[in-house]
Each structure stands twice: as C-alpha cells, then as structure tokens.
Amino acid sequence: VEIWLKRLFWTGGTAFLAIGVLGWRDRLTNGQIHAGFGSVIPWGLWVAAYIFFIGLSAGSFLISALAYVFGMKRFESIGRIALFQALITLTLALLTTWVDIGHMGRALNVFAYPNFSSPMAWMIWLYTTYFVLLVVELWFLLRRDLVVGAKGTGFRAKFYSILSLGSHATSDESVVHDRKVVKALATIGVPVAIMFHGGVGALFGVVAARPGWNSGLFPILFLLSALASGGALLMLVSAIFQGGYHRNSETIVALGRLVLGLLVLDVIFQISEYLVAGYGNVPGHVEGLKMMFAGPYWWVFWVWQLVLGTAIPIAILATRKGRSARWASAAGGMIALGFIGVRLNIVIPALATEEIQGLTNAVDSSRISTQYFPSLMEWSVTLGIVGLGLLLFGLGEYLLPVDAEEVSHVSA
Amino acid sequence: MVESDGVGSTTALDELPSEVQVLAPGRHGAQGMVDLDRRQFLDRLLVMGATGLAGALGGGYVLGSAGTAVAAPTTESRSKQKYRYGMVIDTRRCVGCKACMAACKIENKTPPGVYYTMVVEDTRDNEFDRPLFMTKPCFHCEHPPCTKVCPVSATFKREQDGIVVIDYDRCIGCRYCITACPYGARYFDFGENYEFTAKDGAWESVPSPEYGQYRMRVKGDSPIGNVRKCTFCLHLQDKDGKYSKDEGRWPACAKTCTGRAIHFGDFKDSESDVSRLLRERQAVRLKEELGTEPNVYYLL
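Reading guide: rules and limits
Residues numbered from 1 in each chain as written. Chains lettered and ligands numbered in written order. Predicted model: local features only at pLDDT ≥ 70, side-chain atom pairs only at ≥ 80, totals over all residues. Heavy atoms only, no water. Helix = DSSP H or I, 4+ residues; strand = E, 2+ residues; numbered from the N terminus. Rg over C-alpha atoms; globule rule 2.2 N^0.38 Å. Buried < 20%, exposed > 50% of the residue type's maximum accessible area, 1.4 Å probe, protein only. Contact = heavy atoms within 4.5 Å. Areas by Shrake-Rupley, 256 points an atom, 1.4 Å probe, with all protein chains shown as cover. Lys, Arg positive; Asp, Glu negative; His and termini not counted. Charge placed at Lys NZ, Arg CZ, Asp CG, Glu CD. Pairing = 2+ DSSP bridges. Axes fitted to C-alpha atoms, helices over the stretch in contact; angles between N-to-C directions. Parallel < 35°, antiparallel > 145°, perpendicular 65-115°, else oblique. Left-handed = near helix turned anticlockwise from the far one by under 90°. Nonpolar A, V, L, I, M, F, W, Y, C, P; charged D, E, K, R; others polar. Salt bridge = Lys/Arg side-chain N within 4 Å of Asp/Glu carboxyl O. Buried area = accessible area lost by both parts, 1.4 Å probe. Disulfide = S-S within 2.5 Å. Core = buried A, V, L, I, M, F, W, Y, C linked by side-chain atoms within 4.5 Å. Expected span 1.5 Å × (residues − 1). Phe/Tyr/Trp six-rings, centres within 6.5 Å; stacked < 30°, edge-to-face > 60°. Lys NZ or Arg CZ within 6 Å of the ring centre and 35° of its normal. Polar contact = N/O pair within 3.5 Å; in protein donor to acceptor, adjacent residues only side chain to side chain.

A.B. asks: Just to check I follow, could you spell out the overall build of chain A for this structure?
C.D. replies: The helix and strand tally for chain A stands at 16 helices and zero strands. Scaling as 2.2 N^0.38, a compact globule of 412 residues should have a C-alpha radius of gyration of about 22 Å, and chain A matches this with 22 Å. Within chain A, buried positions represent 56% of all 412 residues. Intrachain contacts of chain A at a sequence separation of at least 6 include 80% that bridge at least 24 residues. For chain A, the exposed surface amounts to about 17,200 Å²; the carbon and sulfur share of it is 71%. Charge centroids of chain A, computed over 26 positive and 21 negative side chains, lie 6 Å from each other.

Here it is as structure tokens:
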C-alpha cells in the first residue's frame, strides 16, 4: 500500500506542478487581472492557503519540539520528518503570500521600510527568523549523517559533502554537541512559533473594521488549529514515508490521541466564538457567520469542514479504530484536508459583507461585490505551489538523511 | 492615542484632537471628579509617552527614508498641521445624480473597479420615504486604521493637512489596508481598462494628475498592482497646500456637485463653509464607535 501511496504522491505532485506552471505564467505576465477577488473581498484563496500552510508549519515544528525540547522519546522517530515538513510548508506559505501581493518585486520593502505597528510586517520578520532557525536546526540534526554519507561514492556522497559544509567530526561527542545546539534552537523556536502563529491570528484579530475577525480568541484559535492540523498531516506523512505505518504505527496512534485532544479543543473554541457572536446577533458580526452556515458555499462548512474534517476523524480517533495506525493516519489526512475549509471560512465570509450598506449596488463591477469564487488562475497557481511542495518534500525525503531510524540503524 | 469622547457627531471644530487638549486635566469640570481626572491624566501621559517613543523610534526612520516620495510631508510641516481638510456632505441636497463619481473618474482617471467616491442609496423601509443618497469619499480619519496596518509604511496621513495618501512606489499591494478600512474607501488596481483608456483608445496616453505625478498607467507598473484611494484631489493644491474654489482648484466631486451637497474646506479655518456648517447644523460621522474620527461629516 505504501508503494501505491508513494506513486500517487509523485504523480500528484508532478501533475499539480504542471498545472501550476500555466497559472504562474499568467500571474507573472498579466499580474492579478485574472484573479477572482476584488476590493470588497480583497483576500481569497491565496491568503487562505497561506494561513493553512503556515499553520501546518507551526504545528509540525511544535510537535518536533516535543521530542527535542521536552524529551518525549516517542516522537523522536518522527522528529526529523516533522522538522522537514515544517520547513517545506513554511516555504509554501511564503510562496502563497508572495504571489498574493500586487508588486512581487517589492517584497523586501518590509525590511527596507518597516512599520512597527503592522502585524503583517512582524509576521514577515518572524518568518525570516524562523526560516533561518529551521534550516540551522535541521542541519545540526542531520550533520553527522551528512558527514558519514559523504564518505561514500556516487552522487549522494557528493551531495552530502556539499551539504556538510566542511564539517568532518563524526565522534559521539560531536553528536552530543549537535544535540545541545538542536535543543537550544528548538527551545528558542517554540516561543517564535507561538509568536508568529498567534501573530497570524492577531493579524486578523486586530482588524476592528471586520467584526468577524475582531476577536481575542483568534490568536489562540490559530495556535490550536496549527497544532491540530500540523499533527494530523504528520500522521499521514509518517504513514507513507519513513517506513510507513508498519514501522511508525505506535507513533501514529500516539499522535492521533494528541491530535484528537487538540481538535476537540479547537472545536470548543470555534463553538464558543459562534455562540457568543450568534447570541449578540449584531448584524456586522453574524452576517459573515450566516454566510458561512447558509450562504452559497455552505457545504464548505457543513460537508468539508464539519463532516469530513471533524466528525468522521473524531469518530475514528475516539473509538477503537483509532488504535489502528491505518485508520488513524486516514483520519489525520482528513483533518489536514478539512482545515483547508476552516482557513477559507476564516478569510472569506468575514470580508464578504458590505462595510457601507449599498456599496456593492452602487456600481456594476465584479470587483465590488460580495461574491467571490477563486478564478482558474488562482486555483492553478495554488495547485502549482502544492505540487512544488509535494515534490520538494519527496525529493528531500529521498535524498536527505531525514529518516532517523534508518540512520540510527546504520550507526548502531 | 487620543480618546474619543463619544459625543463625536457635533463636536466643535476648533477642538482638534491635539495632544495638549486631550491631556488637559479637569476638563470635564465636575466637582469630585478631580481624582479621576488626575488618574486619567497620568494614564494618558503614559500612553502618550509610549506612543511618542515608538513614533520616535519607528517614525523617524520611516519618514527619513520617504524623502523621494512626492506625497511625503516636508520636515517643517511635520511639526505643525497647517490645515485639516474635510467635507460636510448634505444628504438633504443630494439628488443621487452621481456627477461626483463621474467627475472624480475624469479628474483622477481611475480604472474600472476603482472608485474614489461612490454614491450609495439607502433603501428605505417605507416606500413613501424619500430615498437617501450618500456620496462616500475617503474620510481621511484622524485615526486611520488603514495606515497603521501597512507593513511598509506606504500609506500615511500627511502631517501638514491630514490627507491620507499612498506612496505608489513603495506599496507592495498586499491589500491589508483594504481589510482595515471600515468605510470601503480603498480599491485595488487590478490593471483593468475602459475601452477608451485601453491600448489604442482615445485616452490611452492621458496621464493621471494624481499626487502631481502625472503617471502613465502601463501594464506591470504602479499604480497597477497598488491600492488606490481618494486624495481630496491634492494635486490641485498650490505650493502652500491651499485650494482655491475661485480658481477651480477644488476637489472634483465638490466642484461638480449639481445639488451643492458636497462642501469641502479646512476645519482649522473657523470661517470656512465646512466649519460654519458644523456649527450651525447637526452632523453625524459614520461608525463613531470605532474611534476613527472621520473628517467627513454628513448632514441628515
């Protein structure tokens, strides 16, 4: 089954990337003229994809920290792949934000002309810190294996010798030193990850003009959903890679319990948000919720987010089925996919309300409308980014010594 | 930083939210509230100190690097606001002809989907009620939430006259400011064209006078890919930052208004039309609860 899943993975990745090339070409030559969003709903699929990816990244990093900071041995076997997943999903998050801005060539203005009162500026600075931290932590984690691997012959050895950056030590003391560095970096990384992901919640939460976002729960909700979605994806990934669910079955089941708890907590927070808003029944606040529950895209909430992403996986993980790695990893995949729905419903309904009554009727323009469905170009660009992510992940998993157990096997 | 005192709608014009006045203790005047006022005073002092420090740290650098921007304030005007431009819009005089929208389009050459002002109609519950029309430019708020969120300080409130502007060359087009504006005053330029502004159209090579920059709007370059907004037609100001109704240097919407519903002027000048109207009539501002303190008032 793993072989079959892997084949699906590589085919999917290549196909998505191919579709993406078309969208990216359109985006790079024609700008955003073929985008479906407008000036009433200025953020769409790309921003939703961005918070989805960055959530996955923060979540998988924090789970790797369970092994490297809190010393939970159970998660050590998936620590490297978790960290690698964090790096890939961070890259995808940065790509989706980059493609979303109107002048891609000016992205670095965030460093040249900083505005300290902008949550978005803080996000970019924190991502940069986090990116560097991830790369360095991963390098120290893999260093000895790279050095060992470089001693062989062939392409892989050459590749490893470049990546080992001139490091030669293979002694046990050097590994102990590596572990110390990893622990230190992971420890710094935990507050950084909490800050940037809570910060993404705040990026939305501080916008007083959009009552659907303007809630103190947002930063917390973002952290919870990051952990749940990141952990859930990790369940699926460790069922396919790294020896698959045969070798990782215990870890997957343990991760399943953790994810179940986080998901339930996340659901409680969401219910709290809906109930408080619904009870107040303040038009600006509930308008977005009404759209989410009963608007043209009601199925995103009821079918995708609630049934596929929440109810079924909870039913699997909370019952005896959850003790089977195969079922648990399927549940993980469903939760991770379901969170795409959660992200769309965070970004779009809160924007899809007129800020001044009558605004969308004043002129006949598709850009000034509360209707939004991502355009072909937006879908294609997004699929391309997903495809790139799959291929990068697959290549890294294949080329890098991210498989901790296989390596410890060799060194043992 | 400055508190909204809640009465908002009809506040005296001269009472600018300047820091000195806000800080003045005991302005509520009531006996027995002195203690509270003193505490408030200290609280405010703290807040002011913090923001002042942040401003000194952040603002200095930001403005220092904004030297090339045409819209950027000059150093001497930073110290003191000379004008506080705003509008008083009389909804009883508005007939909903939308001439202001057309005039604005012609003046600023805004593309499809970009409207610096928009006439909205309030559908009344009672069919015998007269319809309520409201033209809605940018309100150039005293506390604009849009400028605060800009990651690159590309949009800011000019010190000399309170006009909220966008530095097109710095704006990265993230559209965060559009989400933060509670009044729908900001629009993204997707690069669309009207037939006559498109390639080989009669207006193809007519630049927009916006910010006095006379930019040609070409594919891939600013203002395409930027957020755009009403500037109170600041390109019509003279060197001293003054407008002149007699010389026709007046915001296009106000100049053209057939019902004379749009009154424009300087709230710092107590003899201006807008100041007089605020004194004599009952005015409201939209969404006072957000503390944005718009500089555009409506007469009902």
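A.B. asks: Honestly, the overall build of chain B in this entry has me stumped. Any pointers?
C.D. replies: Across its full length, chain B carries eight helices and 10 strands. Counted over contacts in chain B with a minimum sequence separation of 6, partners at least 24 positions apart contribute 62%. Counting every atom, chain B has about 14,200 Å² of accessible surface; 54% of that belongs to carbon and sulfur.

A.B. asks: Can you help me understand the sheet that holds strand E8 (residues 262-266) of chain B in this one?
C.D. replies: Residue and element names in this part refer to chain B. The four strands lie next to each other as E8-E1-E10-E9, forming an open sheet whose pairing is mixed. At either margin of the open sheet sits one strand with a lone partner, and together these are E8 and strand E9 (283-284). Most of the contacts of helix H8 (residues 273-280) go to E8, to which it runs at about 110°, and overall it touches strand E1 (85-90), E8, E9 and strand E10 (296-299).

A.B. asks: How do you make sense of the packing of helix H2 (residues 45-68) of chain A against helix H3 (residues 79-100) of chain A when you look at a structure like this?
C.D. replies: Between two packed helices, what matters for the description is the angle formed by their axes and the separation of those axes. All names here are of chain A. At their nearest, the axes of H2 and H3 sit 8 Å apart, and the two run at 160° to each other. Of the possible angle classes, the one that applies to H2 and H3 is roughly antiparallel. Between H2 and H3 lies a crossing of left-handed hand. Residues belonging to the contact of H2 with H3 are distributed by class as follows: 16 nonpolar, eight polar and two charged.

A.B. asks: I would appreciate a short explanation of the pairing of E10 of chain B in the present structure.
C.D. replies: Residues in a regular strand point their side chains to alternate faces of the sheet. Residues and elements named next belong to chain B. In E10, alternate side chains face the same way, and those of Val 296 and Tyr 298 on one face and Tyr 297 and Leu 299 on the other are all buried. Taken together, the two bridges between E9 and E10 define a ladder with antiparallel strand orientation. Opposite Val 284, over in E10, you have Tyr 298 as the bridge partner.

A.B. asks: Honestly, the pattern of salt bridges in this entry has me stumped. Any pointers?
C.D. replies: Opposite charge on two side chains allows them to pair when their charged atoms are near. Under the counting rule described, the total for this entry stands at 22 salt bridges over all chains. Across the pair Arg 175 of chain B and Asp 100 of chain A runs a salt bridge, and its minimum N-O distance is 2.7 Å. You can see Arg 175 of chain B sitting in the loop between strand E5 (164-166) and helix H6 (176-180) and its partner Asp 100 of chain A sitting in helix H3, one on each of two chains. You can call Arg 175 of chain B buried: its relative accessible area is 1%. The exposure class of Asp 100 of chain A is buried, given its relative accessible area of 4%.

A.B. asks: Mind showing me how you'd approach the interface of chain B and chain A here?
C.D. replies: Where the parts come together, the accessible area they lose is often given as the size of the interface. Counting residues at the interface gives 54 residues for chain B, matched by 45 residues for chain A. Both faces considered, chain B and chain A share a buried interface measuring about 3,800 Å² in area, 59% of it formed by carbon and sulfur atoms. Considering only the surface of chain B that becomes buried against chain A, Arg 175, Tyr 176 and Phe 190 of chain B emerge as the three largest contributors, covering 19% of it. Between Arg 367 of chain A and Glu 192 of chain B there is a salt bridge, with its nearest N and O atoms 2.7 Å apart.

A.B. asks: Would you mind showing me how to read the state of the cysteines here?
C.D. replies: Residues and elements named next belong to chain B. Applying the stated criterion across every chain, the model contains zero disulfides over all chains. The thiol of Cys 150 is not disulfide-bonded; the next cysteine sulfur, from Cys 174, is found 6.3 Å away. A relative accessible area of 8% means that Cys 150 is categorised as buried. Free of any disulfide, Cys 171 has its nearest cysteine sulfur in Cys 177, 6.5 Å distant. Overall, Cys 171 belongs to the buried group, its relative accessible area being 8%.

A.B. asks: Mind showing me how you'd approach the packing of H2 of chain A against helix H8 (residues 217-240) of chain A here?
C.D. replies: All names here are of chain A. Where H2 meets H8, the axes come as close as 7 Å, and the angle between the chain directions of the two elements is 75°. Our classification of the angle between H2 and H8 gives roughly perpendicular. Mapping the contact onto sequence places Ile 51, Gly 55, Leu 56, Ala 58, Gly 59, Ser 60, Leu 62 and Ile 63 in H2 and Phe 222, Ala 226, Leu 227, Ser 229, Gly 230, Gly 231, Leu 233 and Leu 234 in H8.

A.B. asks: Hey, could you run me through the nonpolar core in this one?
C.D. replies: The nonpolar side chains of a soluble globular protein tend to be buried with one another. Ranked by size, the top nonpolar core spans 180 residues in total, and within it Trp 43 and Phe 204 of chain A together with Met 118 of chain B carry the most contacts. Here the element with the most residues in this core is H2 of chain A; it accounts for 19 residues. Among residues more than four places away in sequence, those in contact with Phe 204 of chain A are Trp 43, Val 47, Ile 51, Trp 213, Phe 218, Phe 222 and Val 347 of chain A. Counting eight residues, the second-largest nonpolar core is a separate cluster that includes Val 88, Leu 277, Ala 283 and Tyr 297 of chain B.

A.B. asks: Looking at this structure, how should I read helix H10 (residues 249-280) of chain A?
C.D. replies: An α-helical turn contains 3.6 residues, so any two residues separated by three or four positions project in the same direction. Between its terminal C-alpha atoms H10 of chain A stretches 46 Å, which fits the 46 Å expected from 32 residues at 1.5 Å a residue. Asn 281 of chain A, located one to two residues past H10 of chain A, shows a positive phi value of around 55°.

A.B. asks: Any chance you could explain the packing of aromatic side chains here in plain terms?
C.D. replies: For any pair of aromatic rings, geometry is given as the distance between the ring centres together with the angle between the planes. By the definition in use, this model includes 46 aromatic pairs over all chains. Ring centres of Tyr 194 of chain B and Phe 196 of chain B lie 5.6 Å apart, and the angle between their planes is 5°; on these two criteria the pair is classed as stacked. For Phe 196 of chain B, a relative accessible area of 41% corresponds to the partly exposed category. Members of the aromatic cluster, joined through ring pairs, are Trp 43, Phe 204, Trp 213, Phe 218 and Phe 222 of chain A together with Tyr 176 of chain B. Taking the ring centre of Tyr 113 of chain A as reference, the NZ or CZ of Arg 170 of chain B above it sits at 3.7 Å.

A.B. asks: Looking at this structure, how should I read the environment of Gly 212 of chain B?
C.D. replies: Residues and elements named next belong to chain B. If you trace the backbone, Gly 212 turns up in the loop between strand E6 (186-188) and strand E7 (227-229). The exposure class of Gly 212 is partly exposed, given its relative accessible area of 41%. Taking the C-alpha atoms as reference points, Gly 212 and Leu 234, separated by 22 residues in sequence, lie 8.0 Å from one another.

A.B. asks: Could you clarify how one ought to interpret the side chain of Thr 360 of chain A in this entry?
C.D. replies: Residues and elements named next belong to chain A. Relative to the assigned elements, Thr 360 resides in helix H14 (residues 359-362). For Thr 360, a relative accessible area of 17% puts it in the buried group. Within the local environment of Thr 360, its side chain forms a polar contact with the side chain of Glu 354, the two groups lying 2.4 Å apart. Leave out the neighbours within four places in its chain, and Thr 360 touches Val 40, Glu 354, Ile 368, Ser 369 and Thr 370.

A.B. asks: Would you mind going over the side chain of Glu 355 of chain A with me for this structure?
C.D. replies: Relative to the elements of secondary structure, Glu 355 of chain A occurs in the loop between helix H13 (325-351) and H14. Setting aside chain neighbours within four positions, we find Glu 355 of chain A in contact with Ala 209 and Arg 210 of chain A together with Ile 178, Thr 179, Cys 181, Pro 182, Tyr 183, Gly 184 and Lys 287 of chain B.

A.B. asks: Sorry if this is basic, but what is going on with the environment of Glu 250 of chain A here?
C.D. replies: All names here are of chain A. Along the polypeptide, Glu 250 turns up in helix H10. Remark: the alpha-carbon pair of Glu 250 and Ala 325, spanning 75 residues in sequence, is separated by 7.2 Å. In terms of polar contacts, Glu 250 uses its side chain to reach the side chain of Arg 74, at 3.0 Å.

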